[in-house]
There are 2 protein chains.
Amino acid sequence: MQITLKDIARMAGVAESTVSRALNDKPGVGKETRLKILKIAKENNYRPNQLARGLAAKKTNMIAVILAEMDSPGNIEIVKSIEKAAEKRGYQIILCNTNNQEDKEESYLSLLESNQVDGAIFIGGKLVGSHLLKASFSQDNRIVLVNRLAEENFFTSVLTDYSQGLYKAVEHLLKENFKKIALVCGNRDNLVEEEKISGYKNALRDSGLEVNEELIFSTANNRQAGYNVFLEIIEGDVIPDSFISTRELTTIGLVEAIKMGGYFIPDDFAVVGYGDNILTSVIDPPLTVLGEPVEKLGKSSLEFLLELINEKMDSQQIKVLTPELIIRESSISKYN
Amino acid sequence: MQITLKDIARMAGVAESTVSRALNDKPGVGKETRLKILKIAKENNYRPNQLARGLAAKKTNMIAVILAEMDSPGNIEIVKSIEKAAEKRGYQIILCNTNNQEDKEESYLSLLESNQVDGAIFIGGKLVGSHLLKASFSQDNRIVLVNRLAEENFFTSVLTDYSQGLYKAVEHLLKENFKKIALVCGNRDNLVEEEKISGYKNALRDSGLEVNEELIFSTANNRQAGYNVFLEIIEGDVIPDSFISTRELTTIGLVEAIKMGGYFIPDDFAVVGYGDNILTSVIDPPLTVLGEPVEKLGKSSLEFLLELINEKMDSQQIKVLTPELIIRESSISKYN
DNA sequence: TTGTAGGCGTTATCAC
DNA sequence: GTGATAACGCCTACAA
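The rules behind these values
- Residues numbered from 1 in each chain as written.
- Chains lettered and ligands numbered in written order.
- Predicted model: local features only at pLDDT ≥ 70, side-chain atom pairs only at ≥ 80, totals over all residues.
- Heavy atoms only, no water.
- Near = heavy atom within 4 Å.
- Polar contact = N/O pair within 3.5 Å; in protein donor to acceptor, adjacent residues only side chain to side chain.
- Helix = DSSP H or I, 4+ residues; strand = E, 2+ residues; numbered from the N terminus.
- Least-squares fit on C-alpha atoms with pLDDT ≥ 70 in both.
- Contact = heavy atoms within 4.5 Å.
- Nonpolar A, V, L, I, M, F, W, Y, C, P; charged D, E, K, R; others polar.
- Buried < 20%, exposed > 50% of the residue type's maximum accessible area, 1.4 Å probe, protein only.
- Lys, Arg positive; Asp, Glu negative; His and termini not counted.
- Salt bridge = Lys/Arg side-chain N within 4 Å of Asp/Glu carboxyl O.
- Domains from an automatic or database assignment.
- Buried area = accessible area lost by both parts, 1.4 Å probe.
- Phe/Tyr/Trp six-rings, centres within 6.5 Å; stacked < 30°, edge-to-face > 60°.
- Core = buried A, V, L, I, M, F, W, Y, C linked by side-chain atoms within 4.5 Å.

Peer 1: Which residues make up the protein's contact with DNA strand C, and what values go with them?
Peer 2: Near DNA strand C lie 30 residues; those nearest to it are Leu5 and Tyr46 of chain A together with Gly28, Gly30 and Thr33 of chain B. For DNA strand C, the backbone makes up 66% of the atoms found within 4 Å of the protein, where backbone means sugar plus phosphate. Leu5 of chain A is positioned with one of its backbone polar atoms (N or O) 2.5 Å from a phosphate oxygen of DNA strand C. At 3.4 Å from a sugar or linking oxygen of DNA strand C is found a side-chain nitrogen or oxygen belonging to Lys58 of chain B. Sorting the residues of the surface near DNA strand C by element identifies α2 (16–23) and α4 (50–57) of chain A together with α2 (16–23) and α4 (50–57) of chain B as the ones contributing at least two each.

And the structure:
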């Protein structure tokens, strides 16, 4: 059995409250008493019971990071950034994976509702469901969204400017003389994907080109889907000369399919992929990618959350960060 | 403010204890009363405060999964497997990342000590430190180790038989007529790495070959280290004709360096890498790898932990699973 | 079947 | 500076 405050109080011959004060560095304890208490605590390897502490203080110093998918190295990087920032501020992270399942999201949300964590950061995921919306009101809004859009902007959020990212990517490909750019993006029930599409369209239009809806493909975010969509595309009526893929795993599958089909990148098809991380960097040829500002996304989201928790935020905030186009071989025209 | 048991009791005109029983599916509540209580709870979107529940019942239905490194796709797969198994049994997972730092491990261990979780699974990591050992006694041993060795086997563990894995890999390379097999493994303060080395040595000896210690290289587990060790090796006295790399990230870097140096795989150097996952599968040429039984590792570890928690385990157990050698192009001799 | 009361380990609010 | 004492929200004997 663990040793408790009460035990220490008895050993030191003082009251529980005094021990509590001493152990929490609070004023109102004599120097001698404090030292004595600290010594006893250490000798007995005392560990405060966080449950009791949380119950009494309504504060746990833990925050939940709720991840829509764990397969994405980019997301993992964001988590690591949050973790780093949290550590500095004395917070612990607990990571929860929802696998894009709403019910799981709901069940993890109860960590917040039952005060097991002081706040929550949601990374990625589809449209914001009703339970989350409800939580945004009832839970004092101790929630920050990362790379996730809600139809109504009730949430403090940190977002990547996907529209601008896609715009840059199209611009780049056009400059390299690629004319028929296919867009491989996600399902449109995810608002983030809609934004990508709009960036893509705007760039084309601003260059005086028409948008061909047949060159926009919505797929699931996994390798197989990326692979399959290429097969589908080369069987189709309109054959593109280049691809922009907006998610990591899809990018992997797409590149794989192109190479498997005996085609060359960028000679036959140029590719702009997604995510500047180990996964995409391993691919041959070196891939031009749209890189998320993962470090900043993580750091900013934690800062926002702490402001919310400490009630230092006057109104709900939204921060938009710009993705970076990292140009490598896969999108450089050889005939330029 | 959240609604509490007491509120519901008041609304239903019954005692708190009755509400508690009703909500927890415990016997001793009239059907009518139970229905009424359930209805009120639902209408008011009641969520039990898990802190209070945990404090009173000394049971949280949460388990901590403590990860030495988050960069490894293999580890992530194990986590997902644990998660899947846990969900079926009504447990939630919280994921903690230690980055191989002992102090972090200790701080996460306090989740166990303060009863915030019912048990903990440690995945990977170096030698078991003193705090963990201490915990193994005082915390009723609600700890399971995955792919981690302790000097004294106090822990219930699920292990990959690295020795056998390496044995297989060497055997395979020898059969393919590679004679000078370099081993790129981790630091020897990690007992797991020692085991790999012993498998490597045994296979050589059993084939009547001598072990050349100069062909064994210990590096950190990251890409850069894998890259650097190759540069170091080709500058050295003994040039190998093949490599076995025992960790994912090192494998990536090693392959990169080989290709960067203008060498071909397997023509100039054969490679057996580590981890059958998306990261290694993306590499060109297709890599022969030692694949961990990630699915089983996760599932077994959770089962063990639940047995420990429910005190259904008579004595400490160890399960050893066999890794699989997945043979692809990178280790097939062209002159065979 | 239901209610009462005590306790889980801590923090916070008073007095003294 | 220190000590009682009452929360925090829930569970679990035990009594009714």
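Once the structure has been displayed, the description carries forward.
Peer 1: Before we move on, could you go through the relation of the copies chain B and chain A and cite the residues and values that matter?
Peer 2: Between the two copies, chain B and chain A, the superposition gives an RMSD of 0.2 Å; the rotation angle is 180° and the shift along the axis is 0.1 Å. With respect to symmetry, the two chain copies, as superposed, fit the operation of a two-fold axis. In this assembly the copies share their binding face: 100% of the residues contributing to the interface of chain B also contribute to that of chain A.

Peer 1: Quick rundown of the protein's contact with DNA strand D? Include the residues and the values.
Peer 2: Neighbouring residues of DNA strand D: 29 residues in total, closest Gly28, Gly30 and Thr33 of chain A together with Leu5 and Tyr46 of chain B. Here the atoms of DNA strand D within 4 Å of the protein split so that 69% fall in sugar or phosphate, with bases taking the remainder. Contacts to DNA strand D include Gly30 of chain A, whose backbone N or O atom sits 2.4 Å from a phosphate oxygen. Measuring from a phosphate oxygen of DNA strand D, one finds a side-chain N or O atom of Ser20 of chain B at 2.8 Å. Residue assignment for the surface near DNA strand D shows that the elements contributing at least two residues are α2 and α4 of chain A together with α2 and α4 of chain B. For the surface near DNA strand D, the per-class residue count stands at 12 nonpolar, 11 polar and six charged.

Peer 1: I'd like a rundown of the side chain of Arg247 of chain A, residues and numbers included.
Peer 2: Residues and elements named next belong to chain A. Here Arg247 is to be found in the loop between β8 (242–245) and α11 (248–260). In this structure, Arg247 is buried with no salt-bridge partner, the nearest side chain bearing the opposite charge being Glu193 at 4.2 Å. Side-chain polar atoms of Arg247 contact the backbone oxygen of Ala220, separated by 3.4 Å. In this view, Arg247 contacts Val184, Cys185, Gly186, Glu193, Lys196, Thr219, Ala220, Asn221 and Tyr274; residues no more than four positions away in its chain are not counted.

Peer 1: Provide a residue-level description of unusual backbone geometry, including the pertinent values.
Peer 2: Note that the residue after Ile265 of chain A, namely Pro266 of chain A, is joined by a cis bond; omega there is 5°. Summarising the element assignment, Pro266 of chain A is placed in the loop between α11 and β9 (270–274). Of note, Asn100 of chain A is a non-glycine position whose phi angle comes to about 65°, a positive value. Of note, Asn100 of chain A is situated in the loop between β2 (92–97) and α6 (102–113). When its relative accessible area of 31% is taken as the criterion, Asn100 of chain A is described as partly exposed. If you check the backbone angles, Asn99 of chain B has positive phi at about 55° while not being a glycine. Along the chain, Asn99 of chain B turns up in the loop between β2 (92–97) and α6 (102–113). Looking at Asn99 of chain B, the relative accessible area reads 37%, which means it is partly exposed.

Peer 1: How would you explain the domain arrangement of chain A if you had to name every residue and give the values?
Peer 2: Interfaces are often sized by the accessible area lost when the parts come together. Residue and element names in this part refer to chain A. As far as domains go, chain A holds domain 1 (5–48), domain 2 (58–160 + 294–322) and domain 3 (162–292 + 325–331). Taken over C-alpha atoms, the centre of domain 2 sits 29 Å from the centre of domain 3. Contacts between the two partners involve 18 residues from domain 2, matched on the other side by 14 residues from domain 3. Of the roughly 1,300 Å² buried where domain 2 meets domain 3, counting both sides, 56% is carbon and sulfur surface. By the criterion of area lost to domain 3, the three top residues of domain 2 are Pro73, Leu149 and Thr160, representing 36% of everything that side buries. Counting across the domain 2 and domain 3 interface gives eight residue pairs in polar contact (both at pLDDT 80 or more). Every element with two or more residues in the side of domain 2 that touches domain 3 is listed here: α5 (73–88) and α13 (294–309). The dominant element in the side of domain 2 that touches domain 3, judged by the number of residues it contributes, is α5, at three residues. The residue makeup of the side of domain 2 that touches domain 3, split by class, is seven nonpolar, six polar and five charged.

Peer 1: Mind laying out the pattern of salt bridges, listing which residues take part and the relevant values?
Peer 2: A full pass over the atoms with the stated rule returns 27 salt bridges over all chains. Glu106 of chain A is the partner of Arg47 of chain B in a salt bridge, and the nearest nitrogen-oxygen pair spans 3.8 Å. Highlighted residues: Arg47 of chain B in the loop between α3 (31–43) and α4 and Glu106 of chain A in helix α6, drawn from two different chains. When its relative accessible area of 33% is taken as the criterion, Glu106 of chain A is described as partly exposed. Here Glu193 of chain A makes a salt bridge to Lys196 of chain A, at a shortest N to O gap of 2.9 Å. Of the two residues, Glu193 of chain A and Lys196 of chain A both sit in helix α9 (residues 191–206), three residues apart, roughly one turn of that helix. In terms of burial, Glu193 of chain A and Lys196 of chain A fall into one category: buried. Each of Glu106 and Glu113 of chain A together with Arg47 of chain B takes part in a single network of salt bridges with overlapping partners.

Peer 1: Give a detailed account of the packing of aromatic side chains, specifying residues and quantitative values.
Peer 2: Residues and elements named next belong to chain A. Summed over the entire model, instances satisfying the criterion amount to 12 aromatic pairs over all chains. Measuring from centroid to centroid gives 5.5 Å for Phe243 and Phe269, while their planes differ by 55°, and the two rings are tilted. With Phe243 in strand β8 and Phe269 in the loop between α11 and β9, this pair connects stretches of sequence that are 26 residues apart. Both residues of the pair, Phe243 and Phe269, belong to the buried class. Look at Tyr263 and Phe269: their rings are 5.2 Å apart centre to centre, the planes differ by 70°, and that puts the pair in the edge-to-face class. Ring-pair connections join several aromatic residues into one group, and the members of that group are Phe230, Phe243, Tyr263 and Phe269.

Peer 1: Please give an account of the nonpolar core that cites residues and values.
Peer 2: Tyr200, Phe243 and Ile244 of chain A together with Tyr200, Phe243 and Ile244 of chain B are the most contacted members of the largest nonpolar core, which has 96 residues in total. Not counting chain neighbours up to four residues away, the residues in contact with Ile244 of chain B comprise Leu166, Ala169, Val170, Leu173, Ile181, Ala182, Leu183, Val184 and Val272 of chain B.

Peer 1: Could you give an account of the interface of chain B and chain A, with specific residues and numbers?
Peer 2: Taken together, the 48 residues of chain B in the interface contact 48 residues of chain A. Together chain B and chain A conceal approximately 4,500 Å² of surface at their shared face, both sides included; 55% is due to carbon and sulfur atoms. On the surface where chain B and chain A come into contact, there are seven salt bridges. Counting every contact that joins chain B to chain A gives eight residue pairs in polar contact (both at pLDDT 80 or more). Among the secondary structure elements, those contributing two or more residues to the side of chain B that touches chain A are α4, α5 (73–88), β2, α6, α11 (248–260) and α12 (278–281) of chain B. When residues in the side of chain B that touches chain A are grouped by element, the largest group, seven residues, is from α6 of chain B. Looking at the side of chain B that touches chain A residue by residue, the class counts come to 20 nonpolar, 15 polar and 13 charged.

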